[in-house]
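# Overview (structure and organization)
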Amino acid sequence: MKKTLIFLMTVILCCGIAVAKDNPLRMKSGTLLPLKGKGGTISCTADFSKTRANRKPLAEYIVNDYQSNMETFDRYVPEMLEWFSDRWDKDIEDGPRITTSKDADFHLQIVIKTLQMGAKSFVGGASISGYAEFYRRGETEPFAVVEILKMHGTIMGGAMPGYPGLKQCFSDLGEYLCDLIYHSK
């Protein structure tokens, strides 16, 4: 009886922690209401042009600290966006679906400001931070900007390093952005 009670208390505590998990995104400006319940399409790109890692430019970090190269990194970027798109399309309810068309109703630009790959020894995980900027077709000013405080690439709570961790960061970003849209008022 005592073991059962301890087990139930542990399960309840773990569920409470999972529910209390904070969304690592914060509205910086604008509103996401134009995306809520409207359907349509949205295109998505990732901008790594000003990304820094360990206070170094991305290319220097990838080569010197992670012992990889930019060609390998660039090969993974489409996969990162694919993981984002898959999660977005699964989680968005009545919002716009991801498309590669230039004639999409909306455009999302994910601007990555900082990035970590984690250690190659599988200690520590990948993470990103930056901004998600939402544009209407033909406009150059975003109607909404969401700050990505620090998005960790995790699977079942465990940190994932390297390129798999970055792909998971983008997948989680898709989930959290859809959640933010769903709760927009």
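On to the pattern of salt bridges. Under the counting rule described, the total for this entry stands at 5 salt bridges. Between E147 and R26 there is a salt bridge, and its shortest N-O distance comes to 2.4 Å. A residue pair is termed long-range when its members are at least 10 positions apart, and E147 in strand β8 (residues 144-152) and R26 in strand β1 (residues 25-30) qualify at 121 residues. Exposure remark for R26: the relative accessible area of 45% places this residue in the partly exposed category. Note that R87 and E175 form a salt bridge whose closest N and O atoms lie 2.5 Å from each other.

As a further point, take the nonpolar core. In terms of nonpolar packing, the biggest core is built from 44 residues, with F73, F84, W88, L108, L115, F134 and L177 touching the most fellow members. By residue number, the principal contributor to this core is helix α4 (residues 162-182), which donates 10 residues. Excluding residues that lie within four positions of it along the chain, L108 makes contacts with I42, S43, C44, T45, F84, W88, A132, E133, F134 and L177.

Two quantities define a packed helix pair, namely the angle between the axes and the distance from one axis to the other. As a packed pair, helix α3 (residues 70-91) and α4 sit with axes 8 Å apart at the nearest point and diverge in direction by 30 degrees. One way to sum up the angle between α3 and α4 is to call them roughly parallel. As for how α3 packs across α4, the hand of that crossing is right-handed. Seen from α3, the contacting residues are T72, F73, Y76, E79, M80, L81, W83, F84, R87, W88 and D91; seen from α4, they are Y163, L166, K167, Q168, F170, S171, L173, G174, E175, L177, C178 and I181. Of the residues in the contact of α3 with α4, the class split is 14 nonpolar, 4 polar and 5 charged.

Moving on: the pairing of strand β7 (residues 127-136). Two faces, one strand: in a regular strand the side chains alternate between the faces of the sheet. Of all the 10 residues making up β7, 8 are buried; the element is thus mostly covered by neighbouring parts of the structure. Bridging between strand β6 (residues 106-116) and β7 involves 10 bridges; their strand directions are antiparallel. From the neighbouring strand, I110 faces β7, where its bridge partner is A132.

Rules used throughout
- Residue positions are given per chain, counting from 1 as you read along its sequence in written order.
- Since the coordinates come from a predicted model, pLDDT governs what is reported: local features require at least 70, and pairs of side-chain atoms require 80 or more to be given and counted, while whole-chain, interface and lining totals use all residues.
- To get the side-chain values, take all heavy atoms of the structure and skip hydrogens and water.
- Salt bridges are defined by distance alone: a side-chain nitrogen of Lys or Arg within 4 Å of a carboxyl oxygen of Asp or Glu.
- Helix numbers and strand numbers start at the N terminus; a helix is a DSSP run of H or I with at least 4 residues, a strand a run of E with at least 2.
- Three labels apply to residues, based on accessible area from a 1.4 Å probe with only protein chains included: buried if under 20% of the type maximum, exposed if over 50%, partly exposed otherwise in between.
- Among the buried residues, those of types Ala, Val, Leu, Ile, Met, Phe, Trp, Tyr and Cys that are joined through side-chain atoms within 4.5 Å form a nonpolar core.
- The contact criterion used throughout is that any non-hydrogen atoms of two residues lie within 4.5 Å.
- A fitted line through C-alpha atoms serves as each axis, taken over the contacting stretch for helices, and the angle formed by two N-to-C directions is quoted from 0 to 180°.
- Just so you know how the angles are binned, under 35 degrees is roughly parallel, over 145 roughly antiparallel, 65 to 115 roughly perpendicular, and the rest oblique.
- Put simply, a crossing is left-handed when the front helix is turned counterclockwise from the back one by less than a right angle, and right-handed when it is turned clockwise.
- Residue type decides the class: Asp, Glu, Lys and Arg count as charged, Ala, Val, Leu, Ile, Met, Phe, Trp, Tyr, Cys and Pro as nonpolar, and the leftover types, Gly among them, as polar.
- We treat two strands as partners when DSSP finds at least two bridges between them.

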